[in-house]
Amino acid sequence: MKLSDIQNKIKSLLQKEEVMAVREKISFFLKKVFFDRAQFKSSGPFKKVLLLLKFFIVSVFVFFVALEMNLFWLFGDMPTLKEAQNPKLNVPSEIYSSDEKLLGTFFLERRNPVDLDEIDSLTVSALIATEDVRFYDHHGLDFVSLTGAMVSTISGDKRGASTINQQLVKNLYKTRRKKSQGLLGKIPVIKTIIAKLKEWDVAVKMDIFFTKDELLTLYLNVVDFGDNTFGIERASRHYFSKAPIDLELHESALLIGGLKGTSYYNPIRNPERALERRNVVLSQMLNYKKIDSVQYNAAVKQPLGLKITEIAKETSEAPYFREMLRPLVEKWCDENNYNLYVDGLKIYTTLDSRMQTFAEKAVDDHLNELQQILNAEQGSYKYWIDKKIDAERKAAKKDSVTPTQRLLKKIVQESSAYKALKAKGLEEDEIQEKLSEKHTTKILTHKGEKTVTISTIDSIKYMNQFLQAGLLSIDPRDMRVKAWVGGSNFDYFKYDHVSQSKRQVGSAFKPIVYAAALENGYEKCTTIVDEPFTFKNSNGTTWEPKNSSHTYTYAPMPLRVALGQSVNSVAIRILQDVGVNKVIEVANKLGITSKLEPDLTLALGSSSISLQELTTAYVPFTNLGKSGELIFIEKIIDQEGNEVFKAEGEKKQVLSPHKAYEMSYLLQGGVKESGGTSRRLWNYGIVDGNEIGGKTGTTNDYRDGWFMGVTAELVTGVWVGCEDFRIHFTGAYGQGGRAALPIFGEYMKDVYAAKDINHKKAKFPKPEDYDLKDCYIYVAPPDSLMMFPDSLQIDSIVNPARARLQLRLDSISARIE
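Residues numbered from 1 in each chain as written. Predicted model: local features only at pLDDT ≥ 70, side-chain atom pairs only at ≥ 80, totals over all residues. Heavy atoms only, no water.

Side note on the confidence of the model for the chain
Moving on, step 1. The predicted model of the chain averages 83 in pLDDT, with 77% of residues at 70 or higher.
Moving on, step 2. Taken as a whole, residues 380-387 scores under 50 in pLDDT and shows 29 contacts with residues more than four places along the chain or in a different chain.
Moving on, step 3. Contacts for the low-pLDDT stretch residues 778-817, under 50 throughout, to residues beyond four places or in other chains number 72 contacts. (pLDDT = per-residue confidence, 0-100. Contact = heavy atoms within 4.5 Å.)

Next comes the structure, spelled out in structure tokens:
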């Protein structure tokens, strides 16, 4: 179709009677409401003025309607009529423990609102005299001051004409933020004009809805007084260490004067400017008869008189837990039309503040001792990787620079101090010289900060060798988190070693292999021969896994003993028999979502998993095979006291109850069997009269130390290591039994000792129809093992009956409890 045909068709449509009728009605309406050109031309001078005035009033009305509606997204958001009638101060949301102790807050602006009768009257007088002397004479807009400001601007003398109402709107509703700008906000001058018009609009509305005293109260509670102090109460406490009602004249004048520019007139950083501005306020108060000359002369002679009270740093007994919680609560707020930072919610968590304190203390105390051992073992940062490897390479003169030295150089070059010197154009030698200069500074210890004289390069070494830890404690009965320690110090190290960090878990993964075995036909009394063996890889290479002791018993070993002693050969044989894919399937059911390597090294914990995943995976071993999502929040209460959220935890069966119970039996082997890797728990007085199980985990070169402890009422996981896995112990103190187990032991000792905490020693829950029978097996004594020079002649996996037949000669029976 040609363009001319389309034009003709449109023209014919517009000329239809129905369309013509609509066009005539619209034209008639616009002429009546807005402007009739023919009528204007035929009117006399006076009527022309009236028509122009009518056109102006209607145009202004239509413009403000468009402004309110944000027509075509041109103007951006602005406060609604409801919001202007019910303004909300930004009230922080508070986080509470399960025992109702305040843990911390989520906030944008911290303020403590006060009533007008709690503010000294001279503060109010100073505000009115300085910011809006006609406050009681206008209704939100002061046309007298506005006219004067326009005349002054034309003459080159800029002065403001904003009323207290307008300033309140600007501070309360943030009308200059990007969200409030719209498409026209991209034009610099237009952006300011639109913002002003919005402030005028809302200022008039608020003058209708509120009394003058209410507006003053709102204003003084909202505005920013600088130095991160919002509201008159926090400002007076910060700058003068007193309540607003106790402020003296010169102090009130100083605070009000700073409102013109909180940075420029900051009394701490710019005392001369602040003093000058204070005296201007006093002069205004004298001019407008808010004070007399005697008061003025006395006040103007006063020094600033600051008595600073530092604003308390936002603290939390569980900072890592709080930061983990933040995105979860933000998501809930977005979905339920709340603002976490301004709506004053009360968030009650599952965390127990007493147990959290015990957990943090256990971590701090043990890391303090362990750090000294690490520092001594490493020879003051000389060996970060491996003493033997470094020494051998240096002796062989294969490389004049050892791996440790290369690591140190890389870490130094990644530091902000090095990059800053590099940016200044310094040569490498000059940078090293600067970094080697000693200076006085504060460094972190596991018992707080201390002042030392140290070089920057030594400081970098020190902080990179700083030990970290993670602890997560879960009540398996309801999946509620009771304690969460994500690191050694949140102010210095933000990385959360419970939820964010993923490290190899070593032998702490073995119980998952055993659980898969039970789920796939193994009995709790199954025995497996502990012997060496070799695997041929597809590329022709061989792998010969070894026990950590580098010795073998060459005898059938019960599952509970094998798990308790953390025997590698048995775990790998189980994995080989059950199948890697089936073990991964069970691991996923238990709650592990990280990628697991599908090979036999999985039995030795070669995959990287978070502490949160691993601890969650142990929960079904203690509660008859049930698991579910971890519960962090118990309930949420809004400002009106309404319960707007309540936890509804659902658990699902991931292991059969009988097999899960048998796992709790096997896990006790580490504590109660001879040679068990968790037997140090007896030192903490938490084993007697209690069913308690545990599993240690240690990764290659002692990079990571793990301990997983289970009781009927708590499942607790602990990890210890350096943030950079290349820096680690080189000896036995890096083992899970020494690095992580003591933290669990001290934590549980304190929990059991606390009479007001509902976690006591108890037996694991048992299926009603289950009878746990003892396992009777024959174990070959050491001297009888010579009967089997070729250990491969013995089947690797045998049941108890077969074990008795094969080893009846020269054997003894042993009872496994």
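A closer look at the nonpolar core
Moving on, step 1. The biggest cluster of nonpolar side chains holds 96 residues, and the ones touching the most others in it are Trp-484, Phe-509, Tyr-514, Ile-574 and Leu-614.
Moving on, step 2. What Phe-509 contacts, discounting residues up to four positions off in sequence, is Val-583, Ala-587, Ile-592, Leu-596, Leu-602, Gly-605 and Ile-609. (Core = buried A, V, L, I, M, F, W, Y, C linked by side-chain atoms within 4.5 Å. Buried < 20%, exposed > 50% of the residue type's maximum accessible area, 1.4 Å probe, protein only.)

Observations concerning unusual backbone geometry
Moving on, step 1. If you check the backbone angles, Glu-100 has positive phi at about 65° while not being a glycine.
Moving on, step 2. Mapped onto the elements, Glu-100 comes out in the loop between β1 (93-96) and β2 (102-106).
Moving on, step 3. Positive phi, normally seen in glycine, also occurs at Ser-241, with a value near 55°.
Moving on, step 4. Turning to its location among the elements, Ser-241 is positioned in the loop between α11 (232-240) and α12 (249-257).
Moving on, step 5. For Ser-241, a relative accessible area of 30% corresponds to the partly exposed category. (Helix = DSSP H or I, 4+ residues; strand = E, 2+ residues; numbered from the N terminus.)

Quick word on the sheet that holds β1
Moving on, step 1. An order of β2-β1-β3-β15-β16 is seen for the five strands of this open sheet, with the pairing classed as mixed. Looking at the sheet topology across the chains shown, the edges are occupied by β2 and β16 (643-646). Averaged over all adjacent pairs, the angle separating strand axes in this sheet is 20°, with direction ignored.
Moving on, step 2. Packed on one face of the sheet, helix α15 (residues 319-335) meets β1, β2, β3 (346-349), β15 (633-637) and β16 and runs near 50° to β2. (Pairing = 2+ DSSP bridges. Axes fitted to C-alpha atoms, helices over the stretch in contact; angles between N-to-C directions.)

Brief notes about the sheet that holds strand β18 (residues 692-698)
Moving on, step 1. Taken together, five strands build an open sheet; the order of strands is β7-β6-β20-β19-β18 and the sheet is antiparallel. Two strands in the sheet have a free side with no partner beyond their single neighbour: β7 (480-485) and β18. For this sheet, the mean angle separating the axes of adjacent strands, direction not counted, is 10°.
Moving on, step 2. Note that strand β6 (residues 467-475) and β7 share five bridges and pair antiparallel. Within β7, the residue paired with Asp-475 across the bridge is Arg-480.
Moving on, step 3. Of the strands in this sheet, β6, β7 and β20 (715-722) are in contact with helix α16 (residues 353-377), which crosses β7 at around 30°.
Moving on, step 4. Sitting on the sheet, helix α30 (residues 741-753) touches β6, β7, β18, β19 (705-711) and β20, and the angle it makes with β19 is about 30°.

Here we look at a negative patch on the surface
Moving on, step 1. On the surface, Glu-427, Asp-429, Glu-430, Glu-433 and Glu-437 cluster together to form a negatively charged patch.
Moving on, step 2. Within the secondary structure, Glu-433 sits in helix α20 (residues 428-435). (Patch = residues over 30% accessible without salt bridge, like charges linked within 9 Å, V, L, I, M, F, W, Y side chains within 5 Å. Areas by Shrake-Rupley, 256 points an atom, 1.4 Å probe, with all protein chains shown as cover. Salt bridge = Lys/Arg side-chain N within 4 Å of Asp/Glu carboxyl O. Lys, Arg positive; Asp, Glu negative; His and termini not counted. Charge placed at Lys NZ, Arg CZ, Asp CG, Glu CD.)

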